[in-house]
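Each chain, letter by letter, is given below.
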Amino acid sequence: MSPKGDYAAVKKDIASILDKPDYDDGSLGPIFVRLAWHASGTYDKKTRTGGSNGATMRFDPEVADGANAGLEHARAFLEPIKQKHPWISYADLWTLAGATAIEEMGGPTINWKPGRSDKDPKKLTAHDVPPNGRLPDAALGQDHVRQIFYRMGFDDREIVALVGAHALGRCHADRSGYEGPWTHTPTRFSNQYFKLLTGLTWRKKEWDGPVQYTDEDDELMMLPADMAVIRDPEFAKIAKEYAQDKDVFFKDFAAAFEKLIDLGVPRGDDKGNAPVAPNQKKAGAKL
Ligand code: HEM
């Protein structure tokens, strides 16, 4: 067991399990990024509910949300690390795994901060776990994407930057119903997603599955929600900028991802006041 608080030791162990030749494209990195994102992306800024704090994806109804299908594998892959470092919370472990994966796959440095605690299953109330339906529906377009991410507190630029994570990994028919990778380099963090989205011609895939888009060679894919990123003029402007400038994308992505994994995490304020739990009403604050 590592000494309590030795996050560098945990990070090292996460990095050491990423390479997995017999899994998908040879890396657990992409699914760890998706785990960190789905644990965090339930946040609702108005009610200050959801988010990565609490590691509520262990519980109903969140654990059974169709949008989280497949993430049980990511959680299981991390279990030996939790056993080795039992002092770390699942909430910190899942977000640290996402941040570490991004860095190890060649992405920007993510300023990950500890401080999340796990909800005690024995003290769980009905309000502690976010309802299903807070994560985006891949079948829908820009209005839906904006609605979901504005609810978390993101703006258009942050939305486009975050979706650039689809440079990584792939869709699995037995998880989401969709199939295939977005890029030829799904274990390498890059701005390829934007290059391909803005540079190739995408047409509806002819198959017996949900509507998704395919390139001329029928090797890559885009979801309807990805197509929103070039169909919406505001989003498209930003996507073209990221396609041309990798450094700007890396900088914006790092900032947006740090914000994402911190949603709902009680941090106190810079005046030294005590942290406020996300679902607690701040004294004097109007919700
Ligand atoms: C409009 C927003 C989004 C939609 C509709 C969406 C939808 C999806 C879907 C349907 C999959 C396939 C799941 C599977 O079959 O295994 C997926 C995978 C993935 N998503 Fe997203 N996503 C969105 C935003 C994001 C964001 C913000 C991130 C991270 C910052 C992200 C990271 C990933 C990664 C890394 C994978 C690959 C997972 C793997 O290879 O197992 N996505 N996404």
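Analysis parameters
Residues numbered from 1 in each chain as written. Predicted model: local features only at pLDDT ≥ 70, side-chain atom pairs only at ≥ 80, totals over all residues. Heavy atoms only, no water. Pairing = 2+ DSSP bridges. Helix = DSSP H or I, 4+ residues; strand = E, 2+ residues; numbered from the N terminus. Near = heavy atom within 4 Å. Polar contact = N/O pair within 3.5 Å; in protein donor to acceptor, adjacent residues only side chain to side chain. Donors = N, O, S within 2.8 Å, 3.2 Å for Na, K, Ca; no water. Phe/Tyr/Trp six-rings, centres within 6.5 Å; stacked < 30°, edge-to-face > 60°. Buried < 20%, exposed > 50% of the residue type's maximum accessible area, 1.4 Å probe, protein only. Lys NZ or Arg CZ within 6 Å of the ring centre and 35° of its normal. pLDDT = per-residue confidence, 0-100. Contact = heavy atoms within 4.5 Å. Core = buried A, V, L, I, M, F, W, Y, C linked by side-chain atoms within 4.5 Å. Expected span 1.5 Å × (residues − 1). Domains from an automatic or database assignment. Buried area = accessible area lost by both parts, 1.4 Å probe. Salt bridge = Lys/Arg side-chain N within 4 Å of Asp/Glu carboxyl O.

Q: Please provide a residue-by-residue account of the sheet that holds strand S4 (residues 213–214), values included.
A: Strand pairs in the sheet, formed through backbone hydrogen bonds, run parallel or antiparallel to each other. The sheet built from three strands is open, its strands ordered S3-S4-S5 with antiparallel pairing. Across the chains shown, the open sheet's two edge strands, defined by having one partner strand only, are strand S3 (203–204) and strand S5 (221–222). Note that S3 and S4 share two bridges and pair antiparallel. In the strand pairing of S4, Arg203 is matched with Thr214.

Q: With reference to specific residues and values, describe the site of the ligand.
A: Near the ligand lie 22 residues; those nearest to it are His166, Gly169, Arg170, His172 and Ser176. One nitrogen or oxygen atom from the side chain of Trp37 is found 3.2 Å from a nitrogen atom belonging to the ligand. Here an oxygen atom of the ligand and a side-chain polar atom of His172 are 2.6 Å apart. Secondary structure elements with two or more residues in the shell around the ligand: helix H2 (29–40), helix H5 (142–152) and strand S1 (170–171).

Q: Please give an account of the coordination of the iron atom of the ligand that cites residues and values.
A: Four donors placed tetrahedrally around a metal ideally meet at 109.5 degrees, and six donors placed octahedrally ideally meet at 90 or 180 degrees. Here the protein supplies the iron atom of the ligand with just one donor, His166 (NE2), and that contact is 2.1 Å long. By the secondary structure assignment, His166 is in the loop between helix H6 (156–163) and S1.

Q: With reference to specific residues and values, describe the packing of aromatic side chains.
A: Taken as a whole and assessed by the stated rule, the structure comprises 16 aromatic pairs. With a centroid separation of 5.5 Å and 80° between ring planes, the pair formed by Tyr23 and Phe77 is classed as edge-to-face. With Tyr23 in the loop between helix H1 (7–17) and H2 and Phe77 in helix H3 (residues 71–84), this pair connects stretches of sequence that are 54 residues apart. Accessibility expressed as a relative area gives 24% for Phe77, which makes it partly exposed. Each member of the aromatic cluster is reached from another via a ring pair, and the members are Phe189, Tyr193, Phe194, Tyr242, Phe249, Phe250, Phe253 and Phe257. The ring of Phe235 carries Arg146 above its face, with NZ or CZ at 4.1 Å from the centroid.

Q: Just give me the short version of the confidence of the model for the chain, but keep the residues and values in it.
A: Confidence in the prediction of the chain, expressed as mean pLDDT, is 94, and 93% of residues score 70 or more. In this model, residues 281–287 is a region of pLDDT below 50 whose contacts with residues beyond four sequence positions or in other chains number seven contacts.

Q: Tell me about the nonpolar core, and name the residues and values.
A: Ile14, Phe32, Phe149, Tyr193 and Phe257 are the most contacted members of the largest nonpolar core, which has 79 residues in total. Looking at which element gives the most residues to this core, the answer is helix H4 (residues 90–104), with nine residues. If sequence neighbours within four positions are ignored, Ile14 has contacts with Phe32, Leu78, Ile81, Leu93, Leu96, Ala97 and Thr100.

Q: Pulling in residues and values, what's your account of the side chain of Ser2?
A: Looking at the element boundaries, Ser2 is found in the segment before H1. Within the structure, the side chain of Ser2 is placed 2.9 Å from the side chain of Trp87, a separation counted as a polar contact. Beyond its immediate stretch of four places on either side in the chain, Ser2 contacts Ala9, Lys84, His85 and Trp87.

Q: Tell me about H4, and please be specific about residues and values.
A: Over its 15 residues, H4 runs 20 Å from end to end, which matches the ideal 21 Å to within 8%, given 1.5 Å per residue. Of all the 15 residues making up H4, 13 are buried; the element is thus mostly covered by neighbouring parts of the structure. Two residues or fewer after H4 comes Gly106, characterised by a positive phi angle close to 95°.

Q: I'd like to hear about the domain arrangement of the chain, residue by residue, with values.
A: Assigned domains of the chain: these are domain 1 (7–134) and domain 2 (142–255). Distance between the C-alpha centres of domain 1 and domain 2: 22 Å. Taken together, the contact pairs 25 residues of domain 1 with 18 residues of domain 2. Both sides of the domain 1 and domain 2 interface together cover about 1,800 Å² of buried area, and 61% of this is carbon and sulfur.

Q: Which residues make up the pattern of salt bridges, and what values go with them?
A: Opposite charge on two side chains lets them pair, provided their charged atoms get close. Applying the stated rule across the entire model yields 16 salt bridges. Between Asp262 and Lys113 there is a salt bridge; the shortest N-O distance is 3.7 Å. Separated by 149 residues along the polypeptide, Asp262 in the segment after helix H10 (246–261) and Lys113 in the loop between H4 and H5 bring together distant segments of the chain. The exposure class of Asp262 is buried, given its relative accessible area of 18%. In this structure, Asp120 and Lys123 form a salt bridge, with 3.9 Å as the shortest nitrogen-oxygen distance. Taking the relative accessible area as the measure of exposure, Lys123 reaches 63% and is therefore exposed. Via salt bridges that share partners, Asp92, Lys113, Arg116, Asp262 and Arg267 belong to a single interconnected network.

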